[in-house]
Each structure stands twice: as structure tokens, then as C-alpha cells.
Amino acid sequence: MRDHPTATVRTRVRVPLRFGDGYSVDAELVTFRGLDDGEEHLAVVLGEIGANPLVRLHSECLTGDVFGSARCDCGPQLREAVERIADHGGVLLYLRQEGRGIGLYNKLDAYALQDQGLDTYAANAALGLPEDDRDYTAAAQMLRALGIDSLDLLSNNPDKAEQLRELGLTVSRRVPTGVFTTDHNVRYLRAKVLQTQHTLPLPELTERAGLSAG
């Protein structure tokens, strides 16, 4: 288990959320003191937190979450996660990790290389950047500050569950998200399956991309 300092709750405030499709829900937004990386991460508490809440670690994506970019699946995942967590009871951690931790400008530089044929991971490497620079120490701190030691993780990414377990949390099960494909993001989703073992149905993605699974 990796050691990490203790974080504490800074502020709790009720905020009604409304999405473009009309879905609305009341949430409690929670800020923290003492997070390991010093970033302004946010917890979105939805419904009643029980013994094994549903939790999503959602990395900030300005292009997808705010502008509705079809080059990724972040916006639809965020929308889905809020409703599923509200129905079950749990927390969405909105983590300031744009571009898998490389930042907005670098992410857009990587997009330019993807337009030349590189996949999302190769584009990062070509820029001298890590494929995925995310560390979830702050996420574990936030969950502990909220009194959560055991959870169901809403994620297709096995690395998130592995890191949380290494940080001493109990991930009872990993619950897959929906698959949100567009004509613009199939290559991106396929790369996540092949490169980092995301749990997405590859046959559907390869058929949509006109590729063979071999």
C-alpha cells in the first residue's frame, strides 16, 4: 500500500445540475485541503452514500465535457456517470487531469499528430510525453476524507482500480460504462482497448472503423 497524507474537507455546497438533454439532479460539491498534487479537484456527491457507493474518477476534458467534442467519449461518459451514480448513491470525482495529465495545449498538439495518422498514445510519445500521466493519490485522499474506504468503481480503465487498491482502498468491483462511439472517436477508443486494456467491446469498434480484430 502506498502512503499518502490525509486530506480534509474544505467546503460543501449544494448545486442543482442541469444537462443539455434536460436531465437534472441536485448535487453536493465538495472541495478539499491538503491534496497531494495541490490541484483543485472536486467531488460531486450524488444521492445517499451507503456502505459500497458507486464512484467514478472522471478526468477533466474541456473539449468533450464543455464543447461536446466528438473526438472522445468524455462528455457522454460524464453525463451517464452523473445519472447512474445519482440512482445508486455515490461520488463523481472531477479530477483536473486534462489530456490524461498532459494538459490542454499538449492534448491539442497531440490531436494535430493524430490527424497525421498517429493514435492517441503514439501522439503523446512523439511529443516526448507519457501515454498516461495520471496519478490517483489525490482521488484516494478525497474518498477517505468523505469516509469512503470501499467502493464500486464505474470505469473501463483497469489502471484506476489498480491504483486505488495500491493506495489502500477496497474496489469491490469495476462497473463498465456505456460505449459512446462516433465517426470521429472509433480509432481513439480502439487504441484504448489495444494499448491499455480498457473494457470496451472491440468487435463493435473494429467493425465501425472498418478494421479487423486480428
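Up top you'll find the structure we're talking about.
Predicted model only: the values in this text are computed from it and were never measured.

Caption draft 1: Structural context of the overall build of the chain. Each helix and strand in the chain was counted, giving eight helices and seven strands. Counting across all 214 residues of the chain, residues that qualify as buried make up 48%. In the chain, the proportion of contacts linking residues at least 24 apart, taken out of those at least 6 apart, comes to 61%. Accessible area of the chain: about 10300 Å², with a carbon and sulfur share of 49%.

Caption draft 2: Quick peek at the sheet that holds strand β3 (residues 42-46). Sheet architecture is open: seven strands sit in the order β1-β2-β3-β5-β4-β6-β7, paired in mixed fashion. The sheet is open, and its two borders are formed by β1 (8-18) and β7 (170-175), each paired with just one other strand. The mean angle between the axes of side-by-side strands here comes to 30°, regardless of whether they run parallel or antiparallel. Sheet strands in contact with helix α5 (residues 137-145) are β1, β2 (24-33), β3, β4 (54-59), β5 (90-95) and β6 (150-154), and its direction is about 145° off that of β5.

Caption draft 3: Inspection of a nonpolar patch on the surface at higher detail. Among the surface-exposed residues, Leu62, Val66 and Phe67 lie close enough to one another that they form a single nonpolar patch of about 310 Å² accessible area. Structurally, leucine 62 is set in helix α1 (residues 62-66).

Caption draft 4: Region of the structure containing the environment of arginine 134. Looking at where arginine 134 falls in the secondary structure, it is placed in the loop between α4 (120-126) and α5. Residue classification places arginine 134 among the buried positions, given a relative accessible area of 12%. Taking C-alpha positions, arginine 134 is 8.5 Å from isoleucine 102, a pair spaced 32 residues apart along the chain. In terms of polar contacts, arginine 134 uses its side chain to reach the side chain of serine 59, at 3.0 Å.

Caption draft 5: Focus on the pattern of salt bridges. Across all of its chains, the model carries 10 salt bridges by this definition. Across the pair arginine 79 and aspartate 21 runs a salt bridge, and its minimum N-O distance is 2.8 Å. Residue arginine 79 is located in helix α2 (residues 74-88), and its partner aspartate 21 is located in the loop between β1 and β2; the two are separated by 58 residues in the primary sequence. Judged by its relative accessible area of 19%, arginine 79 falls in the buried class. Residue aspartate 21 is classed as exposed on the basis of its relative accessible area, which comes to 53%.

Caption draft 6: Molecular detail of the pairing of β6. Of all five residues in β6, four are buried, a share of seventy percent or more. Taken together, the two bridges between β4 and β6 define a ladder with parallel strand orientation. Looking at the pairing, leucine 54 lines up with aspartate 152 of β6. Summarising the sheet, β6 and β7 pair through five bridges and their orientation is parallel. Across the sheet, residue leucine 151 finds its bridge partner in β7, namely valine 171. Traced from β6 through helix α6 (residues 158-166) to β7, the parallel crossover comes out right-handed.

Caption draft 7: Looking closely at the nonpolar core. Among the nonpolar cores identified, the biggest contains 26 residues, and Ala43, Leu57, Leu93, Leu151 and Leu164 are the most heavily contacted of them. Sorting the residues of this core by element identifies β2, β3, β4, β5, α5, β6 and α6 as the ones contributing at least two each. When residues of this core are assigned to their parent elements, the largest contribution, five residues, is made by α5. Sequence-distant contacts of leucine 57, defined by excluding residues within four places in its chain, comprise Leu93, Leu95, Tyr136, Ala139, Leu153, Lys160 and Leu164. By size, the runner-up hydrophobic cluster in this structure holds 17 residues, among which are Tyr23, Ala27, Leu154 and Val175.

Rules behind the numbers
- Residues numbered from 1 in each chain as written.
- Predicted model: local features only at pLDDT ≥ 70, side-chain atom pairs only at ≥ 80, totals over all residues.
- Heavy atoms only, no water.
- Helix = DSSP H or I, 4+ residues; strand = E, 2+ residues; numbered from the N terminus.
- Buried < 20%, exposed > 50% of the residue type's maximum accessible area, 1.4 Å probe, protein only.
- Contact = heavy atoms within 4.5 Å.
- Areas by Shrake-Rupley, 256 points an atom, 1.4 Å probe, with all protein chains shown as cover.
- Pairing = 2+ DSSP bridges.
- Axes fitted to C-alpha atoms, helices over the stretch in contact; angles between N-to-C directions.
- Patch = residues over 30% accessible without salt bridge, like charges linked within 9 Å, V, L, I, M, F, W, Y side chains within 5 Å.
- Salt bridge = Lys/Arg side-chain N within 4 Å of Asp/Glu carboxyl O.
- Polar contact = N/O pair within 3.5 Å; in protein donor to acceptor, adjacent residues only side chain to side chain.
- Right-handed = clockwise from strand over helix to strand, strands pointing away.
- Core = buried A, V, L, I, M, F, W, Y, C linked by side-chain atoms within 4.5 Å.

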